[in-house]
Every structure is written in C-alpha cells, then in structure tokens.
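Examining the three-dimensional arrangement
Chain by chain, the residues run as shown.
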Amino acid sequence: MAFAELISEIPTLGILKKSIESARIGHAYLFTGADRETLDRAAVAFAKSVNCTQATHASEPSPSNVAEYCDHCTTCEQISADHHGDVQWIRPESKSRLITLPQIRQLMETLHLKANDARTKVWMIADADRMNQQSANAFLKTLEEPPENSLMILLSTQPDRLLETIQSRCLRLNFPGDSSSTMKSEHQSWLEVFARQLAAKDSGMLDRYKALDTLMEKLAEARHQIEDGLKDRFLGDLPNDVEPKIREKRDKELKAAIEGQYRRRRTDVFNALEWWLRDAWLLSLQAEISTLTFPDLAPASHELATRTDAGKLLDNIRLIEKLQRVLHTNVQETLALEVHLLKLNL
Ligand SMILES: [Zn+2]
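First, a word on what this report is: a plain description of the structure on this page. On a predicted model such as this, the values are computed, not experimentally measured, just so you know. (Residues numbered from 1 in each chain as written. Predicted model: local features only at pLDDT ≥ 70, side-chain atom pairs only at ≥ 80, totals over all residues. Heavy atoms only, no water.)

**A closer look at the overall build of the protein chain**
Stated precisely, the cut-off is as follows: A helix here means a DSSP run of H or I that spans at least four residues, while a strand means a run of E at least two residues long, and both kinds are numbered starting from the N terminus. To get the radius of gyration, use the C-alpha atoms; to get the globule rule, take the number of residues to the power 0.38 and multiply by 2.2 Å. Relative accessibility thresholds used throughout: buried, under 20% of the residue-type maximum; exposed, over 50%; partly exposed, between the two (1.4 Å probe, protein chains only). Contacts: residue pairs with any heavy atoms within 4.5 Å of one another. Only the protein chains shown count as covering a residue, and every accessible area follows the Shrake-Rupley method with a 1.4 Å probe. When charges are counted, neither His nor the chain ends are considered; positive counts come from Lys and Arg and negative counts from Asp and Glu. We put the charge of a Lys on NZ, of an Arg on CZ, of an Asp on CG and of a Glu on CD.
Each helix and strand counted, the protein chain has 13 helices and five strands in total. The C-alpha atoms of the protein chain give 22 Å as radius of gyration, which agrees with the globular expectation for 346 residues (20 Å, within 12%). Judged by the C-alpha coordinates and their principal axes, the protein chain covers about 80 × 55 × 30 Å. Split into buried and exposed, the 346 residues of the protein chain put 49% on the buried side. The contacts in the protein chain between residues at least 6 apart in sequence include a share of 73% that link residues at least 24 apart. Entry remark: accessible area of the protein chain is about 17100 Å², with carbon and sulfur atoms responsible for 49%. Charged side chains in the protein chain number 44 positive and 51 negative. The centres of these two groups are separated by 4 Å.

This is the structure in structure tokens:
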C-alpha cells in the first residue's frame, strides 16, 4: 500500500510526509497509541518512505520533493519482509518481555557503522517502555549523540513508563487511541494563559516576563499542594515535647520527600510546555488540529506557527529539553527558567 493510501487510513502519518517533503526529519520519534499494529505499520511506512529507491528525495527542502514509497523496489520489499540490513527491529525478548542491554548495545554498534545501501539507517523499537533501567540508560546515550543519517522510532502503548529523559528527546506523535486526557486536565488552563502571553502578535520582553510569572505560579502551586499533602504525614503524629533530634530527622525526611515529588511535578509541567511547542511545530507542518495534544490552544499555537518556522520551533523544544537537563544539576531554579525562557526564539 502506498504512503498516500495509508495516510487516508492513518492521518497522523501526514505529518511525517510533510516533514520528509520539507527535509525536516528528526532523529528520534516516539509513536504512541493504543493499537500496536497501527504503530508498527506507521513505523514501517516511515522507514520505507525515507529509503525507497524509486521515490525522489532531496536533502534540501524543494517543491519537487515527494514523500512516497513504491512498495515494489528491493528496498521496500526487504523492509516489508523485515530483511533489510539497515532497517531493523528491536522487540522485547520472549521470556522476560524486556528489552535488554545486549539488544541496545547491538543497536548502538550497528547504528554507528556506515549504512550498507540505505540512505537512512532505521531502528524501530517496539514496546520501548519495556526497556529495563540498564538498557534505558544506555539508549539515552545514543539519543544524546545520534549518528548522522540515522532514525530511531520508538513505539509504545504505555509511554508514561518510559524515562522522562527519553520521552523529552523524541518527537512524539499520537496515533489514534492515545489518551492525553490527564495532560489536558492538569495543564491546559495555565498553558492557555502562558501560550497567549508568548504567542501574542506583538509579544515583547514584558510578555516574556509575564509568561515566566505564569510558569512560576504553576510551579509554586504544585509545591504548595505537595507540602500540604506531606506535612501531616511526616509531622502530624509528633508530640509537642518530642526530642529535638527526632524532630530534626523528620524535618529532613519531609524536605527530601517534598523535593522528590516536586521534581516529578516540575518535569510534568515542562513536558506539557514541550507538547504545546510540539503542537505549534505540527501546525507549522500543516498538520490537522485533531493531531494536537492541546487542540483548544490551537489559536495561540497557530499564531506562533505562522510567525516562526518548523526549524525554530524544533530549536525551542530542544531549549526546553536543555532546561530540564540543567534543572537536574541543582542550579538555581528561577535563574535557569529566566535564562531559558528569554532565549526562546519566537
Ligand atoms: Zn520502494
């Protein structure tokens, strides 16, 4: 089945087609959705369309670029039969149902070798959420320094189980059946204010600072909720005349628990921000509104998408990823937020 036909069945694929045609392919994608077979078919179609020997491609954007595959050339046939040296699958191993370190090591080794005859080496990782801790950490290294002309497609029906650091380094595409309802209910309202402040047509420095305030308020609210929830649990049963040493110990434990929970919540906040920037990126590639994580924020996302371009929007997503990495290093939070938000290229 040709790409165009498959797109009518799986509309999300249209986004990938546009990325290929504008020569803006990321190096790592996360395909999420409820139906494994749809994810598999989408990944195979993507692998074919970047490698088919009959389709015309160019590395530079050009009106004549057509993202298509023939399904008949040797390359397409080998990919269909899972028999192409440069296009490979990783799946959880049968007994443990885990993706193991040796599997990831093999990926890392072959990904760095020169391709035999493919334009782009492709690794497709089915049930990527089944990586154990060792393999996930090893894989993260590959994601941080992806080899040239390589493409990694992670497939997952339970993306929340993937390391946040892996999720944030992949471009996520939601295929039918994916539920982002928690994301919406938790983050839509602050993002709406934030997006309006950043995306306003004549947005200036003052709006940036307003947006920064909105973000800080959301984080402060999260911290207060966590504090309220934990204080009682850690200190509630202590009598007033308790030994200072015991109180001190409890205080320390409380502080550590708050910090741990807060960091997780903060990651959620930045992930939501990244999904919104992705929405703008998708719109810059003329994607349908139904493919967005926050369709209700489409006006602001669209404003941003028309004012800037796909490349700059990808840079912005990377900037927020970088901010997340920086925040893991105990840097002063407010300062890091200010520096990075002012650097956004909007
Ligand atoms: Zn072909």
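Further notes follow.
**Comments concerning helix α11 (residues 298-307)**
The test is simple: Along the arc lie the directions from the helix axis toward the C-beta atoms.
Regarding α11, the residues found buried are Ala298, Ala300, Ser301, Leu304 and Ala305. Mapping the buried residues of α11 onto a view down its axis gives an arc of 165°, with all of them on the same face. Residues of α11 that are exposed and angled more than 90 degrees away from the buried face: Pro299 and Thr306.

**Side note on unusual backbone geometry**
Of note, Asp71 is a non-glycine position whose phi angle comes to about 70°, a positive value. For Asp71, the position within the fold is in the loop between α3 (36-51) and α4 (74-80). A residue is classified by how much of its surface remains accessible, and Asp71, at 19% relative accessible area, is buried. Backbone geometry places Gln286, a non-glycine residue, at a positive phi of 60°.

**Section: the pairing of strand β1 (residues 28-32)**
Across the five residues of β1, five count as buried, placing the element largely inside the fold. Of the two faces of β1, both are covered, the one formed by Ala28, Leu30 and Thr32 as well as the one formed by Tyr29 and Phe31.

**Quick notes on the coordination of the zinc ion**
Here is the rule we go by: For Na, K and Ca the donor cutoff is 3.2 Å, while for all other metals N, O and S atoms must lie within 2.8 Å; water is not among the atoms, so some sites may look incomplete. The geometry test gives tetrahedral to four donors whose angles all lie between 85 and 135 degrees, gives square planar to four donors and octahedral to six donors whose opposite members are over 155 degrees apart with all other angles between 65 and 115, and gives irregular to the rest.
Protein coordination at the zinc ion: the donors are Cys52 (SG), Cys70 (SG), Cys73 (SG) and Cys76 (SG), at 2.3 to 2.4 Å from the metal. With four donor atoms in place around the zinc ion and angles of 102 to 121° between them, the coordination shape is tetrahedral. Note on Cys52: relative accessible area 0%, which makes it buried. Exposure remark for Cys70: the relative accessible area of 21% places this residue in the partly exposed category.

**What about the environment of Asp202?**
Relative to the helices and strands, Asp202 is located in the loop between α8 (181-199) and α9 (205-235). Spatially, the C-alpha atoms of Asp202 and Thr100 are 51 Å apart, while their sequence positions differ by 102 residues.

**Here's the deal with the side chain of His340**
Among the structural elements, His340 can be located in helix α13 (residues 333-343). For His340, the residues in contact, after removing those within four places along its chain, are Leu319, Lys322, Leu323 and Val326.

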